[in-house]
Every structure is written in C-alpha cells, then in structure tokens.
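Tertiary structure, described
Listed here are the chains, written in short residue letters.
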4 protein chains.
Amino acid sequence: MTFQFPIRVYWEDTDAGGIVFYANYLKFFERARTEWLRSKGLEQRMLKETTGGMFVVSETRVKYHRPARLDDALLVSVNFAQSGRSSLWVEQQALAMSEKNTQLVLCEGSIRIGWVDATLMKPARIPEIILKALK
Amino acid sequence: MTFQFPIRVYWEDTDAGGIVFYANYLKFFERARTEWLRSKGLEQRMLKETTGGMFVVSETRVKYHRPARLDDALLVSVNFAQSGRSSLWVEQQALAMSEKNTQLVLCEGSIRIGWVDATLMKPARIPEIILKALK
Amino acid sequence: MTFQFPIRVYWEDTDAGGIVFYANYLKFFERARTEWLRSKGLEQRMLKETTGGMFVVSETRVKYHRPARLDDALLVSVNFAQSGRSSLWVEQQALAMSEKNTQLVLCEGSIRIGWVDATLMKPARIPEIILKALK
Amino acid sequence: MTFQFPIRVYWEDTDAGGIVFYANYLKFFERARTEWLRSKGLEQRMLKETTGGMFVVSETRVKYHRPARLDDALLVSVNFAQSGRSSLWVEQQALAMSEKNTQLVLCEGSIRIGWVDATLMKPARIPEIILKALK
C-alpha cells in the first residue's frame, strides 16, 4: 500500500557539490505527502477552510545514503506508519533506478505531522474524516 | 508552437502573504525550459558532458499580474523568441484556469540564456546541434 | 545615499554549476530592501498590522554579469529610484570585492514594488508615512 | 562553549501558514555551522581545494517546538557533540527572545556530518587539522 510520486531533479534542487541539497529532500517528501493526501480526497487548502485546522510538521528524521544529481528521475514514497490523537507518522523514501534496473534508496525519513488549529497554532484532535481517509 | 508544462503549487512555493513567493516563478520557468529542452532531445547534464558547455541565465524580466496559491495547478509555457551567436531569448508565462475556464496569465517573463564554456564560465558559440533542435 | 547590506554565500544559495543560483539574487535583493526599510523605521509585519497593507513585488528586471561562489562575501545595495501613487522602483546591485580591492558588480536589477491591501490583494495608495520615511 | 549566530527571518523563509517553513531551519542550522567552522579557521571552499574533501550532511533529526515569523530575530547555536573517524555530530537550536527576555527554543536538531572525498563522494577519514580545530 505504498504511494509513489515521481520527482525530477532541476537546477534549483542542486548545490555546488553537484548533488541535490539535502534540505530539499524535505520538499520532495512534502510534495509526495501532499499528492498522497490529494489521492485520498484531502486537499490542504480546502481542509483549512472547512475545518479551521492544518497539518504542520513537528519532527523529521532523515538519513542520506546516496546523492541524486541534475536530471535524475526519482520516485518518492509515502507510507502511513501510525497515528495518535493529534499527530501521525509517515515513512518516506526517495528512490532512483540503478543501472541494473533495481530501485536504490537515496534518502529515507520518518516525518511526524501534527494537526493544529490554524489560528491558534495549537495542537488539536485530528478530524475523523481525515483519519478515515488515511486508513 | 507553444510548449506547456504543468506545475502544482506546494507549501515550499508560498510565503507568509499566502501566495507564491515571486522569486519562485523563476524556478517554475526553469523547470518548464528544462522539459522543453528535454522534449527536443537536449538533456543539460549530458550536454555539459558532451560539449563542455552549459546554459546560464544572463537576464530576466518578469511581470507579476495575479497571485497563485497553495494547491493551484498551473501551466507554464515556453516560446523560443530569438537567438544570437551565444545567447537566446525565450518568452514564458505562468497560467491558471479561471472559474470560467479561460486561461489567466499570472506571471510572464522574458529570459535570456547564454551558452558558456562550463570550465571558464565565459560566453561561447551555441553548438549547431542545439540551434537546430530548437528551431 | 546608497544603502548597503552584507550577505554571505552559503551552500543553500549555490547550484550544480558551482555558482549562486540566479533566482537567489532576488532573495538577496529582498533581504537588503527589508533591512533598508527597517533602517527607516519601517518593519513589514508591523506595517501590515497597522495599515492593513503590504508591499508586493510587481516587476523585476535583473542582469547577471559575473558569478558568485560559496563563501563569497557580497554587498547588496538599495537605491530608491522613483515612486508613483501605488508603486515604487528601487535599483539594486550585488557587489563583490575584486583581487585589486575594487567593487565588482555581479548582478544588478530594477525592482518595482506595489502597495496592496493585504486582504483584497488589490493595489492601494502608499501611506504617506511610508513615502515620507523613504524620501 | 556554545557558538551562536544571529539569523533574521525574511519573506523567503516563510510559507502560507504565516510561519518559517520547517525545511528552512536546516538552512539556518547550516549557516550557523558554516560560521562556526569559519570562526575556527575552517573555510569550506578552501578545505575542498586543499584537502580534496568536503563535509556532507548524512543524517538530520529535528524537532519543531514553536513557530518563527517574518521579521523575527533568531539566534542559532552550534555545539560539537562527538566525532568518529569519518563523521561527527553537532547539536543545534534555533532560539528566539520571549516577551520576558528569556530564550525560547523554537527548533532543535542533531546533525551528522560526514567527511567525503569530493571526487568519489565516498566517506574518508576527517583530516587531523579539522579535528584539532574543532576540539
């Protein structure tokens, strides 16, 4: 039940080391999570307007194994791991094809996402419609 | 003969004004130019390795007409405008669909791209294979 | 009456060409404009809260002359050029020291900034207190 | 023996939630680490040229406690934690002043930095001059 989203590496993503700047994998992971939510009918701007709440990232743990380079075509995965009252964890990977056509893990991370009241920016209970859609 | 490339707006693209941060349209334009080049068989990392040269942006003129927001689905266009010995101009637009299903221009720009020797970072004559592919 | 602000080049600013990614000069220009406004007593978050308006960039024209690299120490200048009812132009440069200790222009631009109602995102008359502070 | 570096929040750092985009704390941490290295006589471009090696981030663990906003003046700290043959850990915090003039931790992280051969991008032994300078 892994969701995968394709991401291409552009100049904007690289640094003077010739590789993708490590902070940008958090952007890649977020794009994939956004599309994963959208694939379940959850669009974030609409969620904010209808529930008054929003997801915010509260913790990230990322390991960088191999570099990606300009023009590389990556796949970024999303796996729902577990959820509590007001936050959930997802596991993510950025994958590339090797020359032997097997998938190589470039980078992997665990991301904790909290649900907050968008006005107060305080933790709030994740709405049932969201939890149902994710499970 | 307009090339168009779809771009989705994510959190990373927005700022505290609630809209896409204006500098990021240069990233959107670049992604579209890269895919336009790729559609013509020109991949930039390979160009650098085979010719020793690379494109660098030498001038940008951009007008911002209407804001884009989180989750918006944009189309970014590329039109080849003219070329000289060592540089070329492209015209680009970021477009959104209006509620009446007509395309709205959010942002438009003229981008001048120079060809340089990648080691010396000095202007060089654009290789014939590139000019042929673009015309 | 040129305002100057120092900016250091970090990994985040560079790309795989080994130089500062061109779109990032717009960020450098904006940091310098923000500090120029602050030096005149104009803090943008406070302006928004007290006047209900905000500055938005409506046009940029930038020429890139020479590349900056990792660890370079730049000076970014701001010159007020002219103002109308609801927008103003500033001229900006990113400068580096040459080996002979003269200033080299790496990049220069004209930036048009419009004043908008922050809720409607529509052009509005620039408040007098701002025009007075800038002149 | 904590090193601290001041960082101001600009538009480029924020997102449509009105706060600093979480991935950007990795940039803030990196700026502070770069200045910490520089304060010890270690400039990264020069290190690459003289040793053929470079630091790359191999793991990040970051917790986000409170949001920062436009115009906020932060302090970012760096503490050397421990080092092995080819990598080291640093502990970092992004701090803001509270209304009562005490420091609030907005975000904290542990960053693992590996030393690699810049050509092969393979782990290599951290040069003695670096370890001596850091301890």
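The structure we're discussing is the one just above.
Every value quoted in this text rests on a predicted model; they were computed, and no experiment measured them. (Residues numbered from 1 in each chain as written. Chains lettered and ligands numbered in written order. Predicted model: local features only at pLDDT ≥ 70, side-chain atom pairs only at ≥ 80, totals over all residues. Heavy atoms only, no water.)

Points about the relation of the copies chain A and chain B
Relating the two copies of this chain is a rotation about some axis coupled with a shift parallel to it. Using the following cut-off: Superposition of the copies was done by least squares, using only C-alpha atoms of residues whose pLDDT is at least 70 in both. Here a residue-residue contact requires only that any non-hydrogen atoms of the pair lie within 4.5 Å.
By a simple turn and slide, chain A fits onto chain B: the slide is 0.0 Å along the axis, the RMSD is 0.0 Å, and the turn is 180 degrees. The relationship between the two copies is best expressed as a two-fold rotation axis. Nearest to the rotation axis, the C-alpha of A:Ile7 is located 5.8 Å from it, this being the minimum over chain A. In this assembly, 100% of the residues forming the interface of chain A have copies in chain B that are likewise at the interface, indicating an isologous arrangement.

Notes on the relation of the copies chain B and chain C
Overlaying chain B with chain C gives an RMSD of 0.0 Å, the required rotation being 180 degrees about an axis along which the chain moves by 0.0 Å. Comparing contact sets, 96% of the residues at the interface of chain B also lie at the interface in chain C, consistent with an isologous, same-surface contact.

Re the interface of chain B and chain C
Stated precisely, the cut-off is as follows: Here the quantity called buried area is the accessible surface, traced with a 1.4 Å probe, that two parts lose on coming together, added over both. The working definition used for a salt bridge is a side-chain nitrogen of Lys or Arg within 4 Å of a carboxyl oxygen of Asp or Glu. As used in this structure description, the phrase polar contact means that two N or O atoms lie within 3.5 Å; if the pair is within protein, one of them must be able to donate a hydrogen and the other to accept it, and residues adjacent in sequence are counted only when both atoms belong to side chains. Strands are runs of DSSP state E lasting at least two residues, helices are runs of H or I lasting at least four, and both sets are numbered from the N terminus onward. What makes two strands pair is DSSP finding at least two bridges between them.
Facing 23 residues of chain B, the contacting portion of chain C comprises 22 residues. Between chain B and chain C, roughly 1,900 Å² of surface is buried when both sides are summed, and carbon and sulfur atoms account for 62% of that area. Between chain B and chain C we count 0 salt bridges in total. For the pair chain B and chain C, the number of links is 8 residue pairs in polar contact (both at pLDDT 80 or more). Elements with a minimum of two residues in the side of chain B that touches chain C: helix H1 (24-39) and strand S2 (53-64) of chain B. At 9 residues, S2(B) tops the list of elements feeding residues into the side of chain B that touches chain C. Pairing geometry for S2(B) and strand S2 (residues 53-64) of chain C, over 5 bridges, is antiparallel. Pairing of B:Glu59 across the sheet is with C:Lys63, part of S2(C).

Concerning the interface of chain A and chain B
Taken together, the contact between chain A and chain B spans 19 residues of the former and 19 residues of the latter. Of the roughly 2,000 Å² buried between chain A and chain B on both sides combined, carbon and sulfur atoms contribute 48%. Among the residues chain A hides against chain B, the three largest losses belong to A:Tyr10, A:Trp11 and A:Arg45. Together they make up 32% of the total. Across the chain A-chain B interface, the total number found is 6 salt bridges. Put simply, B:Arg38 and A:Asp71 hold a salt bridge, and the shortest N to O gap is 3.6 Å.

Notes on the packing of aromatic side chains
We count it as follows: The criterion for an aromatic pair is that two Phe, Tyr or Trp rings (for Trp, the six-membered ring) have centres within 6.5 Å, with stacked assigned to planes under 30 degrees apart, edge-to-face to planes over 60 apart and tilted to the rest. Residue burial is assigned from relative accessible area. The probe radius is 1.4 Å, only protein chains are included, and a residue is buried under 20% of its type maximum, exposed over 50%, and partly exposed in between.
Counted under the stated rule, the structure contains 24 aromatic pairs over all chains. When the ring of B:Tyr25 is compared with that of B:Phe28, the centres are 5.7 Å apart and the planes differ by 75 degrees; the resulting orientation is edge-to-face. Highlighted residues: B:Tyr25 and B:Phe28, both in helix H1, separated by 3 residues, approximately one helical turn. Accessibility expressed as a relative area gives 3% for B:Tyr25, which makes it buried. Residue B:Phe28 is classed as buried on the basis of its relative accessible area, which comes to 0%. Pairwise contacts between aromatic rings join A:Phe21, A:Tyr22, A:Tyr25, A:Phe28 and A:Tyr64 into one cluster.

Some thoughts on the pattern of salt bridges
According to the stated counting rule, one finds 28 salt bridges over all chains in the structure shown. Between A:Glu43 and A:Arg38 there is a salt bridge; the shortest N-O distance is 2.4 Å. Note on A:Glu43: relative accessible area 24%, which makes it partly exposed. Put simply, A:Glu35, A:Arg38, A:Glu43 and B:Asp71 are held in one network by salt bridges that share partners.

Considering the pairing of strand S4 (residues 87-97) of chain C
Residues and elements named next belong to chain C. For S4, the buried fraction is high: 8 of the 11 residues fall into the buried class. Strand direction decides the pairing type here: strand S3 (residues 73-83) and S4, joined by 8 bridges, are antiparallel. Bridging from a neighbouring strand, Leu 75 pairs with Leu 95 of S4. Where S3 folds back onto S4 in an antiparallel hairpin, the turn is made up of 3 residues. With 11 bridges joining them, S4 and strand S5 (residues 103-117) adopt antiparallel strand pairing. Its bridge partner being in S5, Gln 93 is matched across the sheet by Glu 108. Connecting S4 to the next strand, S5, in antiparallel fashion are 5 residues, including Asn 101 with a positive phi near 65 degrees.

Considering the environment of B:Cys107
Residue position: B:Cys107 is located in strand S5 (residues 103-117). What B:Cys107 contacts, discounting residues up to four positions off in sequence, is B:Tyr25, B:Phe29, B:Val62, B:Lys63, B:Tyr64, B:His65, B:Gln92, B:Gln93 and B:Ala94.

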